[in-house]
Amino acid sequence: MLLENKRAVVTGGARGIGLAIASRFLMEGAEVILCDIHEERLQEALEQLQPLGHVQGKKLDVSDRQAVDNLARELEAAYGGKPADILVNNAGIGASTPFLELTDAIWDSVMNVNLKGAVYCTQALLPGMLSHGGGVILNMGSTNGMRGQPTMAHYNASKAALVSLTQTLAVEFATQGIRANCVCPGSIATELNMKDSGWDPDYLEQFRQHIPQQRFGKPEDIGWACAYLASDVSGFVTGQTLVLDGGLLAQQ
Ligand SMILES: NC(=O)c1ccc[n+]([C@@H]2O[C@H](COP(=O)([O-])OP(=O)(O)OC[C@H]3O[C@@H](n4cnc5c(N)ncnc54)[C@H](O)[C@@H]3O)[C@@H](O)[C@H]2O)c1
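Predicted, not measured: the structure shown is a model, and the values here were computed from it.

Colleague: Please explain the overall build of the protein as it appears in this structure.
Modeller: Secondary structure assignment for the protein yields eight helices and seven strands. What you see for the protein is a C-alpha radius of gyration of 17 Å, in line with the 18 Å of a compact globule of 252 residues. Overall size of the protein, expressed as C-alpha extent along the three principal axes, is 50 × 40 × 40 Å. Of the accessible surface of the protein, which amounts to about 11,600 Å², a share of 52% is contributed by carbon and sulfur atoms. The protein carries 18 positive and 27 negative side-chain charges, and their two centres are separated by 4 Å.

Take a look at the structure:
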């Protein structure tokens with residue numbers, strides 16, 4: 001098992017990619033603290049995950065700095081000063097909006113969750129990692145942060161910023177036992193992508209055909225990548241973006 005004796009905080013973990021990451025981490029022997037803003041969804045996820053290992057749920061809005069700090073303090077008290085060995089900044093939102101219709105409210109809500117949420121969680125958990133021998137930070141980027149896609153300027157900008165944040169964290173803390181990497185999924189079959197983002201089913205089908213593998217990714221594909229990057233076997237990998245997209249970005 002890749003993650004024995006590791007404790008991981010996974011944000012946005014109640015469904016989709018976050019749930020698959022938590023599930024893989026538990027199967028690899030990690031203890032998981034599953035955080036999500038959606039209480040009901042969190043309870044359902046916990047019922048699904050509990051047979052796999054040691055998991056507890058915490059209701060958390062990652063864009064609420066006070067709530068994030070409170071959780072970090074609670075975990076520090078419970079675990080002798082080190083809240084986590086692994087932080088997965090996975091919580092993310094974003095629906096299609098034409099650029100000229102983007103309001104401050106839409107822009108800010110996406111940035112607050114996708115980017116500031118990752119900053120808040122990292123600032124809250126990193127000190128405990130630094131004072132207890134190191135740790136791993138994984139940020140959930142997207143292929144959208146590496147190419148343009150119409151009507152997604154707000155989302156894409158937040159994901160591009162996560163690549164930059166990851167690189168800086170990796171370099172700034174490289175000698176202190178911290179590794180930071182960014183996982184960039186292509187199109188994954190989750191509620192966010194298939195429903196909440198507002199894509200027309202015909203557009204999604206056209207998009208699927210445009211992917212060299214002609215399929216959407218599975219959340220489990222991302223779970224495996226995160227398990228690798230979170231584990232000691234990837235000890236020399238830091239500051240990287242790992243793209244999992246069925247060949248999408250590789251084609252002309
Ligand atoms: N699905 C894709 O194709 C795809 C592709 C690239 C990147 N991503 C990224 O992967 C991550 C997960 O996406 P998904 O498709 O599984 O989405 P999803 O909507 O299925 O799941 C996201 C989870 O995050 C939670 N969440 C939302 N706002 C939150 C907040 N403020 N605080 C805490 N939790 C919050 C939701 O309740 C939900 O359970 C996101 O960062 C997304 O941008 C997804």
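Colleague: When you look at the site of the ligand in this model, what are you seeing that I'm missing?
Modeller: Around the ligand sit 29 residues in total, of which Asp 36, Asn 90, Tyr 155, Ile 188 and Thr 190 are the nearest. In this structure, a nitrogen atom belonging to the ligand sits 3.3 Å away from a main-chain N or O atom of Leu 60. Between a nitrogen atom of the ligand and a side-chain N or O atom of Asp 61, the distance comes to 2.9 Å. In isolation the ligand exposes 830 Å². Once the protein is present, 96% of that is buried. Mapped onto the shell around the ligand, the elements with two or more residues apiece are helix H1 (16–27), helix H5 (153–172) and helix H6 (191–196).

Colleague: I'm lost on the environment of Gly 13 in this one. Help?
Modeller: You can see Gly 13 is positioned in the loop between strand S1 (7–11) and H1. On the accessibility criterion, Gly 13 (0% relative accessible area) is buried. Taking the C-alpha atoms as reference points, Gly 13 and Leu 46, separated by 33 residues in sequence, lie 9.7 Å from one another. Non-local contacts of Gly 13, meaning those with residues more than four positions away in its chain, are made with Gly 18, Leu 19, Leu 34, Cys 35 and Asp 36.

Colleague: Any chance you could explain a nonpolar patch on the surface here in plain terms?
Modeller: A grouping of Leu 2, Tyr 228, Val 233 and Leu 242 is seen on the molecular surface, where their side chains present a nonpolar patch of about 320 Å² in accessible area. For Val 233, the location among the structural elements is in the loop between helix H8 (219–230) and strand S7 (241–244).

Colleague: Looking at this structure, I do not really get the sheet that holds strand S6 (residues 178–185). What am I missing?
Modeller: Hydrogen bonds between backbone atoms are what pair the strands of a sheet, whose relative direction is either parallel or antiparallel. Read from one edge of the open sheet, seven strands run S3-S2-S1-S4-S5-S6-S7, paired in parallel fashion. The open sheet has two edge strands, strand S3 (55–59) and S7, and neither has a second partner. If you compare each strand with its neighbour and ignore which way they point, the axes differ by 20° on average. As judged from the four bridges shared by strand S4 (residues 86–89) and strand S5 (residues 135–140), these two strands associate in the parallel manner.

Colleague: What's the story with H5 in this structure? I'm lost.
Modeller: Note on helix geometry: an α-helix contains 3.6 residues per turn, so any two residues three or four positions apart are oriented the same way. Along its 20 residues, H5 runs 28 Å from first to last C-alpha, staying within 8% of the 28 Å computed at 1.5 Å per residue. What H5 keeps buried is the set His 154, Tyr 155, Asn 156, Ser 158, Lys 159, Leu 162, Val 163, Thr 166, Leu 169 and Ala 170.

Colleague: What am I meant to see in the packing of H1 against helix H2 (residues 39–49) here?
Modeller: The description of two packed helices rests on the angle between their axes and on the distance between the axes. The interhelical angle for the contact between H1 and H2, taken along N-to-C directions, is 30°, at an axis separation of 11 Å. Taken together, the axes of H1 and H2 lie roughly parallel to each other. Handedness of the crossing formed by H1 with H2: right-handed. Contacts between H1 and H2 involve Leu 19, Ala 22, Ser 23 and Leu 26 from the first element and Ala 45, Gln 48 and Leu 49 from the second.

Colleague: Just checking my understanding: could you explain the nonpolar core for this structure?
Modeller: The nonpolar side chains of a soluble globular protein tend to be buried with one another. Ile 21, Phe 25, Val 32, Leu 34, Ile 86 and Cys 226 are the most contacted members of the largest nonpolar core, which has 30 residues in total. Listing elements by their share of this core, those giving two or more residues are S1, H1, strand S2 (31–36), H2, S4, S5 and H8. For this core, the element with the most residues is H1, which contributes six residues. Not counting residues up to four positions away in its chain, the partners in contact with Val 32 are Ala 8, Val 10, Ala 22, Phe 25, Leu 26, His 54, Val 55 and Gln 56. Grouped together as the second largest cluster of nonpolar side chains are 25 residues, Ile 33, Val 68, Ala 170 and Ala 180 included.

Conventions and cut-offs
Residues numbered from 1 in each chain as written. Predicted model: local features only at pLDDT ≥ 70, side-chain atom pairs only at ≥ 80, totals over all residues. Heavy atoms only, no water. Helix = DSSP H or I, 4+ residues; strand = E, 2+ residues; numbered from the N terminus. Rg over C-alpha atoms; globule rule 2.2 N^0.38 Å. Areas by Shrake-Rupley, 256 points an atom, 1.4 Å probe, with all protein chains shown as cover. Lys, Arg positive; Asp, Glu negative; His and termini not counted. Charge placed at Lys NZ, Arg CZ, Asp CG, Glu CD. Near = heavy atom within 4 Å. Polar contact = N/O pair within 3.5 Å; in protein donor to acceptor, adjacent residues only side chain to side chain. Buried < 20%, exposed > 50% of the residue type's maximum accessible area, 1.4 Å probe, protein only. Contact = heavy atoms within 4.5 Å. Patch = residues over 30% accessible without salt bridge, like charges linked within 9 Å, V, L, I, M, F, W, Y side chains within 5 Å. Salt bridge = Lys/Arg side-chain N within 4 Å of Asp/Glu carboxyl O. Pairing = 2+ DSSP bridges. Axes fitted to C-alpha atoms, helices over the stretch in contact; angles between N-to-C directions. Expected span 1.5 Å × (residues − 1). Parallel < 35°, antiparallel > 145°, perpendicular 65-115°, else oblique. Left-handed = near helix turned anticlockwise from the far one by under 90°. Core = buried A, V, L, I, M, F, W, Y, C linked by side-chain atoms within 4.5 Å.

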